[in-house]
Structures are given as C-alpha cells and as structure tokens.
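Structure assessment
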Amino acid sequence: MKWNKRAITRTLAALFCFCLWAPQVLADVNPQAAVKTATDQVLQLLREYRENTQARRQKIRSVVDEYFDFDAIAKRALGPRWKEQPPDKQQEFTRDFSQLLFNTYIAKVEKYANEKITYTQKQMSGDYAVVEVLVAGGQSERVAIDYYLRLKEGNWKVYDVVVEGVGLVTNYRSQFEEILSKSSFDDLLAQLKQKVAQTSQG
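Throughout this document, residue positions are counted from 1 along each chain, in the order its sequence is written. Only residues with pLDDT of 70 or above have their local features reported here, since the model is predicted, and side-chain atom pairs are shown and tallied only from 80 upward, although totals for entire chains, interfaces and linings are computed over all residues. To get the side-chain values, take all heavy atoms of the structure and skip hydrogens and water.

**Some words on the pattern of salt bridges**
- For this document, the term salt bridge refers to a Lys or Arg side-chain nitrogen within 4 Å of an Asp or Glu carboxyl oxygen. Applying the stated criterion across every chain, the model contains 10 salt bridges.
- Arginine 150 is paired through a salt bridge with aspartate 69; the nearest N and O atoms lie 2.6 Å apart. Separated by 81 residues along the polypeptide, arginine 150 in strand β3 (residues 140–152) and aspartate 69 in the loop between α4 (53–67) and α5 (70–78) bring together distant segments of the chain.
- For arginine 150, a relative accessible area of 24% corresponds to the partly exposed category.
- Take aspartate 69: its relative accessible area is 3%, and that puts it in the buried class. A helix here means a DSSP run of H or I that spans at least four residues, while a strand means a run of E at least two residues long, and both kinds are numbered starting from the N terminus. Remark: exposure states derive from per-residue accessible area (1.4 Å probe, protein chains only) relative to the maximum for the residue type, with buried under 20%, exposed over 50%, and partly exposed in between.

Written out as structure tokens, the structure is:
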C-alpha cells in the first residue's frame, strides 16, 4: 500500500489532543470546555503510568474509543465504497483502520505531555461543532488542529480532524480509493492488517 507519509506526519499531533478528552465530561458542556476540562485528567494519567507503557497505552486507547466515532470516520474514509460492503467487512475495516490510526500516533502522544495547548471554539450549530486546538512548545512545532465533533447519544464525538489544512478523512479516502480502483476490498483489508502489524512494533 502506498501511504501519504507527509500527511500522516502532519497528523501525529492530532491524536494527542484526541486522547486528552475524558469520558466523564457531560454532554451539556460546550465542546471547547469539554476538551479543556478533560486535559488535566489525561495529563495526570500520563504521569501516573510514566514507566508502564502497556498500561498507559491501554488506558489511552480506552479514552480514544470513548471520544472517537470510528464508525463514522471509517464510513467517511471509504465514501460510497462503504455501502458496497457487508456488515462483517465494514466492522473488520473499522477495527483495523482504527487500530492503524492508534498505532501510528501513539508514540507522539506519549511525548506531548509538556506542550502548550490553547483552545478556540470556532463553530457550533445544533449537534455539530468545530474546536481549534493549537499545540506548541516542547518537542513539537506549532500545529493548528481543527476537530469536527457531533453530539451522538449524549456525548461529543470526533468524526473528522483537519491538521494545518489537511483532513484526516479526505487524506485516507484518496488513498483507499486509489487502492480500490486497482484491487479488491479484501486486498485493502490485507494491506491494512499488514500495516497494523508493522506499526504495532515498539
């Protein structure tokens, strides 16, 4: 599989901020307040499990799963191709794709505990909102991240991310479409599993 390494690198910082959201935040809190309130909780988690990498990653993954709508992300990343697949293939794709995203970004997540983070709620319309997060200092250059959220079952969940103008969903959709134009969906799943195995090292 040919992966857009530049786009992936630009989104490494994004998962860090995803992971700063705790599942206890109430839905009636506006999205910006929810992000800011939960930040200290996850920073504390990083400090508590400084030496226990496995436990730390398990807990971070738990937070990511709580606040990411991976079904929506996977569906949007595949676009029209999503409806062509039976439910079991959709679930398999979602599982492998979400694991790939997590594996790719976890190393950066663990290095960003000392970054300066600022928040701005850019848009809010009904059950949808956009929150801008600026990450700067420490080991990263200044990065602007837009989080696209929707209120789902009483909780704010991320369904897309745009990092410095590069959309996570759009980036992967173009790559998946290129692969599927030449190969089968089973081939795409096989390549995803291979990438998951590669990124699970370390």
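**Some points on α4**
- Given a helix with a known number of residues, its expected span is that number minus one, times 1.5 Å. The first and last C-alpha atoms of α4 sit 21 Å apart over 15 residues, in line with the 21 Å expected at 1.5 Å per residue.
- For α4, the full list of buried residues reads Ala55, Arg56, Ile60, Arg61, Val63, Val64 and Tyr67.

**Some points on the packing of α5 against helix α7 (residues 168–180)**
- With their axes 7 Å apart at the nearest point, α5 and α7 run at an angle of 50 degrees to one another. By the criterion of interaxial angle, the relationship of α5 to α7 is oblique. The residues of α7 that touch α5, namely those facing Ile73, Arg76, Ala77 and Leu78, are Val169, Tyr172, Arg173, Phe176 and Leu180.
- In this classification, Asp, Glu, Lys and Arg are treated as charged, Ala, Val, Leu, Ile, Met, Phe, Trp, Tyr, Cys and Pro as nonpolar, and every other residue, Gly included, as polar. Each residue belonging to the contact of α5 with α7 can be placed in one class, and the counts come to 7 nonpolar, no polar and 2 charged. Structural elements are reduced to axes, namely lines fitted to C-alpha atoms, with helices fitted over the stretch in contact, and the angle between N-to-C directions of any two is expressed from 0 to 180 degrees. Should an angle fall under 35 degrees it is called roughly parallel, over 145 degrees roughly antiparallel, and 65 to 115 degrees roughly perpendicular, with every other angle called oblique. In what follows, a contact means two residues having at least one pair of non-hydrogen atoms within 4.5 Å.

**A few points about unusual backbone geometry**
- Non-glycine residue glutamate 153 carries a positive phi angle of around 50 degrees.
- Take glutamate 153: it is sitting in the loop between β3 and β4 (155–163).
- The exposure class assigned to glutamate 153 is exposed, which follows from its relative accessible area of 73%.

**A word on the pairing of β4**
- Across the 9 residues that make up β4, a large majority, 8, are buried.
- Of the strand pairs in this sheet, β4 and strand β5 (residues 166–167) are connected by 2 bridges, and their pairing is antiparallel. Following the sheet pairing, valine 163 is matched in β5 by valine 166.
- Two strands are said to pair when DSSP picks up at least two bridges between them. The turn joining β4 and β5, which pair antiparallel and follow one another in sequence, is formed by 2 residues; a positive phi near 50 degrees is taken by glutamate 164.

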